[in-house]
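# A look at the structure
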Amino acid sequence: MQFPEHILHGGDYNPEQWDDATIDADLTALEAAGINALTLNVFGWADLQPAPDTFAFDRLDVLLDRVHARGFGVILATPTAALPPWLATEEPSTMRVDFEGRRHGFGQRHHFCPTSPVFREQAQQIAGLLAHRYHGHPALLAWHIGNEYGGACYCENCVAEFRRWLLRTHGGLGNLNHDWCTQIWSHRFTHADQIPAPNALTEHWGGPYRSGFPIITLEYKRFMTEQFAACLEGEIEQIRHFDAVHPVTTNLMGAYEHLDYFRFASGLDVVAWDNYPRAIRAWPEMAFNHSLMRAVGRGRPMWLMEQAPVATTCRDVNPTRAPGVLRRWSLQALAQGADTVLHFQMRSAPAGSEMWFGGVLDHRGRTDTRTYRETARLGRELSQLDDLVGSRVEAQAAVLMDWDSWWYSRLVDGFSDHWDLVDQARQWHEALARHLGGVDVTDGRSDLSRYRIVVAPSLYMAHNDVIDALRRYVADGGILLTGPMSFAADATGRVLVDDRVDELLGCQVEERDAQEPGFGVELTLPDGTTDTAHHLFEILRPTGGQTAGHWRSSWFAGGSAIIRNAFGRGTVIRLGALLSQAGRRRLIASLIGPAPGHPLVGELEHVSRTCSRGTFDILLNHDQTPLAWTPPVQGVDLLTGRESPAGEPLTIPAGDVIVLRRT
Amino acid sequence: MQFPEHILHGGDYNPEQWDDATIDADLTALEAAGINALTLNVFGWADLQPAPDTFAFDRLDVLLDRVHARGFGVILATPTAALPPWLATEEPSTMRVDFEGRRHGFGQRHHFCPTSPVFREQAQQIAGLLAHRYHGHPALLAWHIGNEYGGACYCENCVAEFRRWLLRTHGGLGNLNHDWCTQIWSHRFTHADQIPAPNALTEHWGGPYRSGFPIITLEYKRFMTEQFAACLEGEIEQIRHFDAVHPVTTNLMGAYEHLDYFRFASGLDVVAWDNYPRAIRAWPEMAFNHSLMRAVGRGRPMWLMEQAPVATTCRDVNPTRAPGVLRRWSLQALAQGADTVLHFQMRSAPAGSEMWFGGVLDHRGRTDTRTYRETARLGRELSQLDDLVGSRVEAQAAVLMDWDSWWYSRLVDGFSDHWDLVDQARQWHEALARHLGGVDVTDGRSDLSRYRIVVAPSLYMAHNDVIDALRRYVADGGILLTGPMSFAADATGRVLVDDRVDELLGCQVEERDAQEPGFGVELTLPDGTTDTAHHLFEILRPTGGQTAGHWRSSWFAGGSAIIRNAFGRGTVIRLGALLSQAGRRRLIASLIGPAPGHPLVGELEHVSRTCSRGTFDILLNHDQTPLAWTPPVQGVDLLTGRESPAGEPLTIPAGDVIVLRRT
Amino acid sequence: MQFPEHILHGGDYNPEQWDDATIDADLTALEAAGINALTLNVFGWADLQPAPDTFAFDRLDVLLDRVHARGFGVILATPTAALPPWLATEEPSTMRVDFEGRRHGFGQRHHFCPTSPVFREQAQQIAGLLAHRYHGHPALLAWHIGNEYGGACYCENCVAEFRRWLLRTHGGLGNLNHDWCTQIWSHRFTHADQIPAPNALTEHWGGPYRSGFPIITLEYKRFMTEQFAACLEGEIEQIRHFDAVHPVTTNLMGAYEHLDYFRFASGLDVVAWDNYPRAIRAWPEMAFNHSLMRAVGRGRPMWLMEQAPVATTCRDVNPTRAPGVLRRWSLQALAQGADTVLHFQMRSAPAGSEMWFGGVLDHRGRTDTRTYRETARLGRELSQLDDLVGSRVEAQAAVLMDWDSWWYSRLVDGFSDHWDLVDQARQWHEALARHLGGVDVTDGRSDLSRYRIVVAPSLYMAHNDVIDALRRYVADGGILLTGPMSFAADATGRVLVDDRVDELLGCQVEERDAQEPGFGVELTLPDGTTDTAHHLFEILRPTGGQTAGHWRSSWFAGGSAIIRNAFGRGTVIRLGALLSQAGRRRLIASLIGPAPGHPLVGELEHVSRTCSRGTFDILLNHDQTPLAWTPPVQGVDLLTGRESPAGEPLTIPAGDVIVLRRT
């Protein structure tokens with residue numbers, strides 16, 4: 001497999017939208033901005049295949065030669081994320097049936113039914129033709145399959161496949177009835193054809209997270225994940241017939257709800273993702289998502305495949321990146337393990353629903369804009385950072401996050417709807433990062449032994465292999481911190497009652513309470529300080545462990561809120577509360593000492609990457625004021641050449657970034 | 001008819017969810033908690049009838065014998081609230097078409113079409129088979145038909161039946177056109193098949209309460225009520241072939257919007273209901289609902305069929321019952337006329353959408369939990385209260401509440417959507433209770449002569465028989481208090497202009513105004529104090545009555561807000577305002593003196609029940625502090641044996657309950 | 001064409017709802033209130049045509065004679081806004097398919113498919129029969145086609161017509177692909193049948209304003225406008241066969257989103273509209289809508305066809321008109337160019353969804369109500385104002401508002417959803433009115449040379465002819481003020497990059513930012529004062545123009561917020577900010593001096609109408625306190641006969657109106 005040895009800088013380009021003179025001017029401008037990689041052909045299907053048996057590659061031939069001649073590498077997309085109109089209308093079964101049970105007609109994109117045999121055949125055909133034609137093209141850097149896989153389909157064909165999949169994965173209808181407890185609410189199936197698609201016309205009331213039968217919806221999500229993975233892998237297989245050299249990827253979307261990326265993306269050579277943060281205070285969200293994407297890639301470097309150089313369009317408010325933000329966020333991606341900085345897109349589209357989605361070049365193609373200037377500066381800086389390529393992020397802590405738990409915590413009614421598992425994971429990730437710098441995400445199936453601490457904010461659905469892994473991790477000396485609703489259900493969705501878990505945690509849940517969002521309940525933390533919890537309150541019963549924090553208000557005042565349990569050579573902290581962010585930080589501080597150079601102050605982010613070429617400390621000041629940091633070892637800033645002695649405080653200007661190579 | 005002579009204590013149990021050892025342990029634990037009645041088989045259809053012509057009663061046979069052997073009585077359910085998958089899928093017409101016109105597939109529960117001939121035949125068959133098999137079983141206490149009837153269906157068959165029903169109830173299409181004023185908006189029907197199902201695809205815009213033709217939707221609600229009643233009664237009939245001895249009921253849901261319980265439940269031997277309050281300050285809501293359920297049962301004792309011993313699951317926030325709440329709410333049910341205390345459920349389900357719905361026994365079956373201990377204490381106390389069984393609640397006041405008015409007030413556009421008829425009824429019920437203790441609900445068709453005062457907060461749709469009854473009641477000396485939008489429409493939905501009403505009220509509505517929710521308008525009450533009204537403001541025109549309160553602000557300042565009219569030997573108060581709760585209390589105080597031992601202080605509730613075995617004063621302190629009450633007559637607390645002399649203040653501890661037998 | 005020479009006073013009457021005696025009493029009461037015109041037959045289709053080949057005009061014959069005998073004129077409606085049930089059910093294709101793709105059944109009104117050949121034929125038939133029968137009736141004043149045209153249909157027939165319309169208007173599929181940039185997202189159509197109806201099942205996600213392909217939805221709106229116009233014009237043609245004398249109109253709805261009235265209403269003899277304001281401070285909204293309706297009628301007098309004499313019903317809160325409001329709003333309509341004051345309706349309906357919609361006569365037909373008295377006073381006053389009939393509103397300023405811009409600004413994603421183009425237009429209209437009195441609305445296609453200033457708050461989609469007109473206007477000495485997102489797209493929906501526009505504005509947009517609703521950014525205005533802008537912030541780049549205002553906060557502080565450009569003999573102000581209302585007023589004040597008698601104080605409104613019979617200054621005090629106004633010329637109040645000398649301050653009492661004829 002041939003991975004690029006320098007940082008890819010560039011992104012999506014859609015030259016089919018302009019004339020030749022414009023393209024020429026664009027390429028000149030992009031080259032001058034240090035752009036070296038273009039993503040092409042993402043939505044080109046209708047142009048490449050104007051009719052079932054007609055193909056038109058000429059324009060793409062010319063284009064590839066042209067960009068190659070100008071020195072750009074190409075990430076070549078299979079155009080299968082948007083069907084050509086003729087296919088969608090001649091073969092309506094290629095289009096999805098939605099959650100409301102309605103077959104959609106042609107329109108938008110990301111609209112194909114993932115089980116449609118016609119779609120799969122057509123998608124694989126065009127992927128194969130592209131691979132056959134271009135696998136040897138000198139511009140080729142990598143393959144980009146489809147685009148932002150996601151959503152779900154509820155058509156007859158999907159349901160039929162779902163039934164077959166269930167019989168196969170459960171070992172027959174008898175087992176399925178047992179696994180799903182179908183004696184509840186008269187659901188015992190006597191034939192697989194009785195199993196419904198779990199949507200608004202069958203099991204759901206009040207939307208996708210109010211279900212009369214949550215386990216069937218969870219299984220449908222697992223099934224959909226596998227179907228989309230099969231689409232992806234079907235195309236990869238076509239490419240691999242011709243090309244064993246170039247990496248293949250597709251663009252993921254961070255903590256995207258509808259696909260379990262740990263299952264979906266296992267066949268990728270490199271994980272790539274699109275970073276469009278939603279939070280106003282975006283950097284902790286992005287840090288978490290970068291870490292999650294690394295986790296999906298099993299710790300390998302990943303690719304930033306898309307980010308907005310200016311502004312997005314699909315939200316109700318779409319702020320523009322203020323000066324310096326594009327640079328800092330790009331360097332954050334590098335810090336968090338990316339080997340590329342790719343933007344969406346090189347030039348703003350002239351029309352369509354995303355016509356205000358800002359590009360490196362605006363609608364006039366100007367090079368005297370702030371965005372262009374900032375991109376060009378970034379291009380120069382990235383060229384100084386190629387030594388980071390292939391290095392790995394160092395992490396002494398991990399946050400456990402898995403889709404089954406996320407899904408099931410939302411699908412099963414009860415207690416409070418006003419907390420979110422991923423939000424909890426993000427908050428713990430940020431709290432840990434302040435103490436330890438780089439923080440991994442894990443699904444519990446990676447090697448945990450490397451971590452000083454693993455935080456599982458809510459391992460709602462605990463699979464046996466993960467329980468085993470956590471027991472081993474703690475027994476061998478690890479610290480496990482776990483929170484409310486963890487170990488709530490087993491892999492079949494039943495309430496988990498398991499001695500191995502009780503033994504690990506040293507406690508059981510005695511009672512749970514839930515209260516309206518504004519209602520806080522006080523508790524003591526192990527360090528004796530007080531915090532205020534919200535939404536969900538567990539009164540714990542020690543069964544071997546020691547109470548390390550008490551509830552201090554409400555009717556359960558005096559009850560155990562935190563249990564500390566010695567298990568093997570390690571320690572488990574079971575938390576019955578959703579803490580404040582300050583509370584999380586204090587709890588971590590009481591459990592582990594900070595890493596060298598930590599805890600960080602203000603909005604400072606610190607991550608280290610390491611490889612055979614060295615170890616790099618990247619410091620990002622996301623604050624509006626200068627922040628100090630004291631390097632524990634000597635280093636030199638790759639961007640400025642300035643040396644920084646160990647132990648001597650460094651000042652990082654507001655918004656600035658330092659990339660120290662340890663010397 | 002053979003009614004239990006002791007208080008039933010117990011509730012739903014689903015032994016099909018566990019193995020024999022667990023069931024044995026459960027029964028031991030339940031017996032020790034004073035549980036004496038189990039509701040079985042509520043969702044057992046798929047297990048009892050695995051195929052159209054296959055029945056499997058063995059497990060239920062064994063179970064009934066087993067629980068009988070342990071001394072439990074059984075409330076045996078017909079399992080018709082949830083179809084078996086084979087029935088729903090082989091006969092899609094048994095499933096509902098929703099308000100959006102979509103036929104649903106198998107899923108959830110409470111999903112059957114009430115007019116489906118196949119459903120009715122199948123439901124009656126299984127009900128008949130159960131009655132035939134178990135009517136003589138010694139454990140049998142009562143029959144429980146289906147579960148929580150409700151909702152609506154809009155399928156072709158329902159619409160066809162609706163048309164026939166309309167022709168029959170209106171006496172032909174000509175009368176229907178006249179009754180419905182179909183000359184409005186070109187709605188004159190020339191054939192019954194032109195009459196639509198009133199749903200989102202025909203008459204409705206903006207949801208179920210925005211209709212282009214409100215009367216058709218009202219009639220559809222009446223029709224649906226009758227169809228569900230026919231389902232219920234069809235099963236009852238099957239049972240009565242074999243069993244004339246055991247009472248038959250089904251579980252109602254308090255002020256449930258979609259069925260007119262006065263029509264629906266007339267065939268029940270005893271009214272039973274499920275008490276899941278929504279309000280944070282829940283006791284007044286529950287007091288109202290208990291009273292409403294008594295009213296549906298025409299004053300007879302009713303059964304509390306379900307309540308949550310721990311927490312519900314279907315809301316966005318589901319608080320757990322704090323210590324003592326389960327006991328107090330259970331005793332409130334007794335106070336308000338229940339002869340049973342039944343919980344949902346005996347043991348928490350191992351899976352499903354309600355797996356966090358707390359049971360008397362938790363998922364581990366523990367007996368060392370707070371909930372178990374509280375249930376066991378309750379069981380002991382209930383065994384001391386059997387003398388209350390069969391007694392009737394004493395009430396000197398009634399609140400008029402009827403479904404036609406509720407429906408029509410929501411269906412007809414105009415003025416303000418920000419008030420609710422049932423909410424008004426609840427508020428008046430609470431205000432009256434503070435002055436008079438037990439307060440009834442009436443639909444205006446019960447004997448009113450027993451009441452000192454009848455409050456009709458909004459008799460929006462006034463049927464002639466109710467107008468007549470109110471005229472008689474007042475003429476004979478009663479006090480009628482009625483509020484905004486009362487007597488607004490007649491039974492066919494037309495604006496009511498009726499001299500008999502004008503004469504009764506002594507006034508007409510001169511003008512009505514509505515304002516945004518935050519906007520208050522001041523008025524004077526008959527006692528000279530001032531109150532602030534919201535939402536809806538009627539300027540009244542005296543036509544025989546006297547102005548007893550004036551508007552004091554807004555452009556109608558000086559207008560009449562309250563009219564007092566002498567009619568026969570009685571008095572009518574017509575209120576043009578939605579008062580504050582303090583205003584309601586002051587108005588009542590100015591109309592009638594308090595009953596002995598009244599007005600109550602704080603969050604104290606007092607209800608008396610009476611029968612040949614005595615009269616019982618139940619005092620419930622819903623407050624966080626002790627409250628005093630002075631018994632007008634001597635009594636003894638059945639729970640503690642403590643005597644309380646007449647006229648000597650008693651202190652009821654915070655959260656506590658006293659059950660005095662008058663001596 | 002024969003237009004009434006006196007002010008029409010009256011409105012909708014539905015005598016089919018009552019018996020003869022009631023009608024007689026009503027007519028007597030109405031006559032006494034100065035009512036002279038009745039709108040009849042708006043929803044009479046089912047009565048007039050009870051079966052496909054059966055017609056029943058007798059009742060209408062009698063009615064017309066009867067009202068004529070009592071001296072009333074008649075605005076006779078074609079009843080085509082609500083199909084008879086038999087037509088809707090026998091020909092389901094006459095009913096609409098909604099945005100969700102669902103065919104509706106009979107119900108409500110305004111439910112016909114505008115492309116249905118059966119509907120069009122039937123509608124034209126009944127219109128023709130009415131015209132044939134009644135064109136010579138002496139009571140006839142005018143024809144009223146259908147009612148409140150609007151909405152949209154997405155049925156197969158509409159889509160087929162849409163495809164034909166597209167091929168015709170674009171000149172074939174090749175041009176269409178080019179115009180629509182279908183290379184984006186693989187949308188290149190190879191056959192017209194691939195073009196979808198742009199609805200929730202195809203291009204839309206998240207409702208009608210979240211589209212994957214905004215231009216197709218814009219075009220569908222243009223297409224729908226033309227189809228409704230064709231329905232309207234088809235009926236007009238039938239009437240013109242028999243009647244060339246009486247004016248034909250239909251009732252528009254002000255700034256109604258779904259029809260481009262400039263296209264839709266071009267065939268009307270007089271523009272008429274229904275005035276149901278939504279704002280609590282309603283008069284500026286009404287002033288804008290009156291002006292817009294005048295614009296649709298190309299400056300001719302228009303008719304107020306409906307207004308609520310008491311209260312509406314379709315909102316969640318429906319306040320009643322306080323004393324004097326009906327009079328003031330009616331006279332405002334006259335001031336703003338209406339020649340009629342017509343109410344909905346003469347008598348409140350006895351039933352139906354609008355039964356609480358207040359009439360001049362209430363449900364009892366009383367004449368001793370406030371509403372009746374106010375109507376009668378109004379009738380007397382209107383009879384003194386007949387000299388205004390036919391006069392035209394004087395305006396020195398215009399606000400540019402067009403539907404293409406409105407639609408496209410909502411359809412295209414990006415920046416902020418929290419501003420609305422029409423809301424901006426209204427605000428500018430009000431700000432201008434304070435300085436100049438009467439303010440016109442224009443679509444840019446009327447004669448602009450008459451205006452001192454034209455404000456185009458957001459000419460989002462700039463057609464070439466409008467660009468040309470604005471260039472001519474400014475070159476000839478006009479002042480053009482234009483705001484954010486103006487000149488954003490061309491007529492095909494592409495981002496507009498056009499030297500002629502750059503030259504006109506003297507600037508380009510350098511960057512745009514958007515922020516959450518609460519976030520304000522300061523800027524300086526040309527007069528040196530400071531204002532705070534919200535939502536959307538443009539940083540402008542002068543290309544010939546001069547910076548006339550700077551941003552003062554946020555990261556773009558120091559950037560240009562306002563550009564002033566000299567173009568020909570005129571001036572263009574390009575504003576990059578959505579100003580506060582105070583800021584708008586200050587900006588206008590700095591650009592132009594006030595007209596004589598201006599600026600106005602408080603909530604005072606002033607409009608002048610002029611014709612050969614004189615010039616009339618109407619002053620409306622919408623405030624709660626008296627307001628002063630100094631007439632620049634001598635006049636006499638037509639209502640009181642009081643003379644007012646030039647230059648001498650007049651006091652207009654709170655809520656009062658003065659109609660001065662200049663003398």
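The structure displayed is predicted, hence computed values, not measured ones. (Residues numbered from 1 in each chain as written. Chains lettered and ligands numbered in written order. Predicted model: local features only at pLDDT ≥ 70, side-chain atom pairs only at ≥ 80, totals over all residues. Heavy atoms only, no water.)

### What to know about the overall build of chain A
- Summing up its helical and strand segments, chain A has 17 helices and 28 strands in all.
- Computed over C-alpha atoms, the radius of gyration of chain A comes to 26 Å, within 12% of the 26 Å expected from 2.2 N^0.38 for 663 residues, which places it in the range of a compact globule.
- Dimensions of chain A, computed from C-alpha atoms along their principal axes, come out at roughly 75 × 75 × 40 Å.
- The buried share among the 663 residues of chain A stands at 68%.
- The centroid of the 59 positive side-chain charges in chain A is displaced by 4 Å from the centroid of its 80 negative side-chain charges. (Helix = DSSP H or I, 4+ residues; strand = E, 2+ residues; numbered from the N terminus. Rg over C-alpha atoms; globule rule 2.2 N^0.38 Å. Buried < 20%, exposed > 50% of the residue type's maximum accessible area, 1.4 Å probe, protein only. Lys, Arg positive; Asp, Glu negative; His and termini not counted. Charge placed at Lys NZ, Arg CZ, Asp CG, Glu CD.)

### As for the pattern of salt bridges
Residues and elements named next belong to chain B.
- Per the counting criterion, the structure on display carries 137 salt bridges over all chains.
- A salt bridge links R70 to E31, with the nearest nitrogen and oxygen atoms 3.7 Å apart. Residue R70 is located in the loop between α3 (58-69) and β3 (73-77), and its partner E31 is located in helix α1 (residues 20-32); the two are separated by 39 residues in the primary sequence.
- The class for R70 is partly exposed, based on a relative accessible area of 25%.
- By relative accessible area, which is 41% here, E31 ends up partly exposed.
- The salt bridge involving D387 is made with R613; its shortest N-O contact spans 3.8 Å. (Salt bridge = Lys/Arg side-chain N within 4 Å of Asp/Glu carboxyl O.)

### Some details on the interface of chain C and chain A
- Across the boundary between the two partners, chain C contributes 52 residues, which contact 47 residues of chain A.
- Carbon and sulfur atoms supply 53% of the area buried between chain C and chain A, which totals about 4300 Å² over both sides.
- The interface formed by chain C and chain A includes six salt bridges.
- Taking the shortest distance from any N to any O, the salt bridge between D47(A) and R188(C) comes out at 2.6 Å.
- For the side of chain C that touches chain A, the element with the most residues is strand β15 (residues 507-514) of chain C, which contributes seven residues.
- Considered class by class, the residues forming the side of chain C that touches chain A number 23 nonpolar, 15 polar and 14 charged. (Contact = heavy atoms within 4.5 Å. Buried area = accessible area lost by both parts, 1.4 Å probe. Nonpolar A, V, L, I, M, F, W, Y, C, P; charged D, E, K, R; others polar.)

### Regarding the domain arrangement of chain A
- Under the domain assignment, chain A is made up of domain 1 (8-152 + 228-390), domain 2 (156-218), domain 3 (397-591) and domain 4 (604-662).
- Domain 2 of chain A and domain 4 of chain A are separated by 54 Å when their C-alpha centres are compared. (Domains from an automatic or database assignment.)

### Topic: the relation of the copies chain C and chain A
- For the pair chain C and chain A, the superposition axis carries a translation of 0.0 Å, the fit reaches an RMSD of 0.0 Å, and the rotation angle comes to 120°. The superposition operator between the copies reduces to a three-fold rotation axis. (Least-squares fit on C-alpha atoms with pLDDT ≥ 70 in both.)

### A few points about the sheet that holds strand β1 (residues 8-12) of chain C
Residues and elements named next belong to chain C.
- Judged by pairing direction, the sheet is parallel, and its six strands sit side by side in the order β5-β4-β3-β2-β1-β9 without closing on themselves. At either end of the open sheet lies a strand with only one pairing partner, and these are β5 (248-249) and β9 (340-343).
- Where β1 lies against β9, four bridges are found, and the strand directions are parallel. Considered in β9, the bridge of G11 is made with H343. (Pairing = 2+ DSSP bridges.)

### Structural notes on the packing of helix α6 (residues 156-170) of chain A against helix α8 (residues 214-242) of chain A
All names here are of chain A.
- One way to put it is that α6 packs onto α8 with a least axis distance of 10 Å and a crossing angle of 100°. As summarised for this structure, α6 and α8 are arranged roughly perpendicular, according to the angle between their axes. On α8, the residues touching C158, V159, E161, F162, W165, L166 and H170 of α6 are I216, E219, Y220, R222, F223, M224 and E226.
- Class assignment for the residues of the contact of α6 with α8 results in nine nonpolar, one polar and four charged. (Axes fitted to C-alpha atoms, helices over the stretch in contact; angles between N-to-C directions. Parallel < 35°, antiparallel > 145°, perpendicular 65-115°, else oblique.)

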